[in-house]
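Chain by chain, the residues:
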Amino acid sequence: MDVHVYIGVTELEHGIAFYTQGLGLRLRRRLRPNWVELEGASVSIFLLVSNRPRDFAGPWTVHLDFVTADLDAAVQQAQDAGAVLDRALQEREWGRMANMTDPFGNSFDLIEFAPGGYDNIVQTP
C-alpha cells in the first residue's frame, strides 16, 4: 500500500518555501493553483491550501516525524525558515527529538536516532 500525506497551509508559496528551505524537501510538481507535490521524504507529501482559521484554532490532524542525522542543524534550519521550537530538546533512550510547529500551526518532530534507535526501548510486560 502506498502512503502519502497532505498538509494544510494557508498560503501555498509560503508553504513551499518553508518545507523546501526549512526541511530540505523539493518541489516535484504543481497540480493545481492551490496544490503541490513535494519530494525528498520516504512518502509523498502534498501541500494543499486550506481554509483553516488564521488563529489555527482546533487540533492538528497530521503529525510528521522527520528523521535527521544532525538534530541541532535541522532545528536551526527549520527555525530559520519560520518554525517554532515548542519546548527544549528531548533526550530519550532511542535518541533526541525536537517538538516543533510550522508557520501554519502544524506540529512536527525532528528526530535524531541513537545507534539502535527504537530497539533501545526497554519493553514493559
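Owing to the predicted nature of the structure, the values given are computational and were not obtained by experimental measurement. (Residues numbered from 1 in each chain as written. Predicted model: local features only at pLDDT ≥ 70, side-chain atom pairs only at ≥ 80, totals over all residues. Heavy atoms only, no water.)

> Explanation requested: the nonpolar core in the structure shown.
For soluble globular proteins, the rule of thumb is that nonpolar side chains tend to be buried together. Counting residues in each nonpolar core, the largest one holds 26 residues, and the members touching the most others are Tyr19, Leu47, Phe66, Phe108 and Leu110. At the level of secondary structure, the elements contributing two or more residues to this core comprise strand E1 (4–9), helix H1 (12–22), strand E3 (35–39), strand E4 (44–49), strand E5 (64–67), helix H2 (71–80), strand E8 (95–101) and strand E9 (107–113). In this view, tyrosine 19 contacts Ile7, Gly24, Leu25, Leu38, Leu47, Phe66, Asp102 and Asn106; residues no more than four positions away in its chain are not counted. (Core = buried A, V, L, I, M, F, W, Y, C linked by side-chain atoms within 4.5 Å. Buried < 20%, exposed > 50% of the residue type's maximum accessible area, 1.4 Å probe, protein only. Helix = DSSP H or I, 4+ residues; strand = E, 2+ residues; numbered from the N terminus. Contact = heavy atoms within 4.5 Å.)

> Mind showing me how you'd approach the side chain of arginine 96 here?
Positionally, arginine 96 belongs in strand E8. A relative accessible area of 16% places arginine 96 in the buried class. Among the polar contacts listed, one links the side chain of arginine 96 to the side chain of aspartate 72, at a separation of 2.9 Å. Beyond its immediate chain neighbours, meaning those up to four positions away, arginine 96 contacts Leu71, Asp72, Leu89, Gln90, Glu91, Leu110, Ile111 and Glu112. (Polar contact = N/O pair within 3.5 Å; in protein donor to acceptor, adjacent residues only side chain to side chain.)

> How should a nonpolar patch on the surface be read in this particular structure?
On the surface, Val67, Phe113, Tyr118 and Ile121 cluster together into a nonpolar patch covering about 360 Å² of accessible area. With respect to the secondary-structure elements, isoleucine 121 resides in the segment after E9. Taking relative accessible area as the criterion, isoleucine 121 reaches 34% and is therefore assigned partly exposed. (Patch = residues over 30% accessible without salt bridge, like charges linked within 9 Å, V, L, I, M, F, W, Y side chains within 5 Å. Areas by Shrake-Rupley, 256 points an atom, 1.4 Å probe, with all protein chains shown as cover. Salt bridge = Lys/Arg side-chain N within 4 Å of Asp/Glu carboxyl O.)

> Could you clarify how one ought to interpret H1 in this entry?
Residues spaced three or four apart along an α-helix face the same direction, because each turn holds 3.6 residues. Every buried residue of H1 is listed here: Leu12, Gly15, Ile16, Phe18, Tyr19 and Gly22. A positive backbone phi angle near 80° is found at glycine 24, which sits one or two residues after H1.

> Any chance you could explain the side chain of threonine 101 here in plain terms?
Inspection of the secondary structure assignment puts threonine 101 in strand E8. Among the polar contacts listed, one links the side chain of threonine 101 to the side chain of aspartate 86, at a separation of 2.8 Å. Those residues in contact with threonine 101 that lie beyond four places of it in its chain are Ala83, Val84, Asp86, Asn106, Ser107 and Phe108.

> Could you clarify how one ought to interpret the packing of H1 against H2 in this entry?
Packed helices, taken two at a time, are described by the angle between their axes plus the distance between the axes. Two elements in contact, H1 and H2, have axes separated by 8 Å at closest approach and are oriented at 160°. The orientation of H1 relative to H2 falls into the category roughly antiparallel. For H1 against H2, the interelement crossing comes out right-handed. The residues of H2 that touch H1, namely those facing Phe18, Gln21 and Gly22, are Ala74, Gln77 and Ala78. (Axes fitted to C-alpha atoms, helices over the stretch in contact; angles between N-to-C directions. Parallel < 35°, antiparallel > 145°, perpendicular 65-115°, else oblique. Left-handed = near helix turned anticlockwise from the far one by under 90°.)

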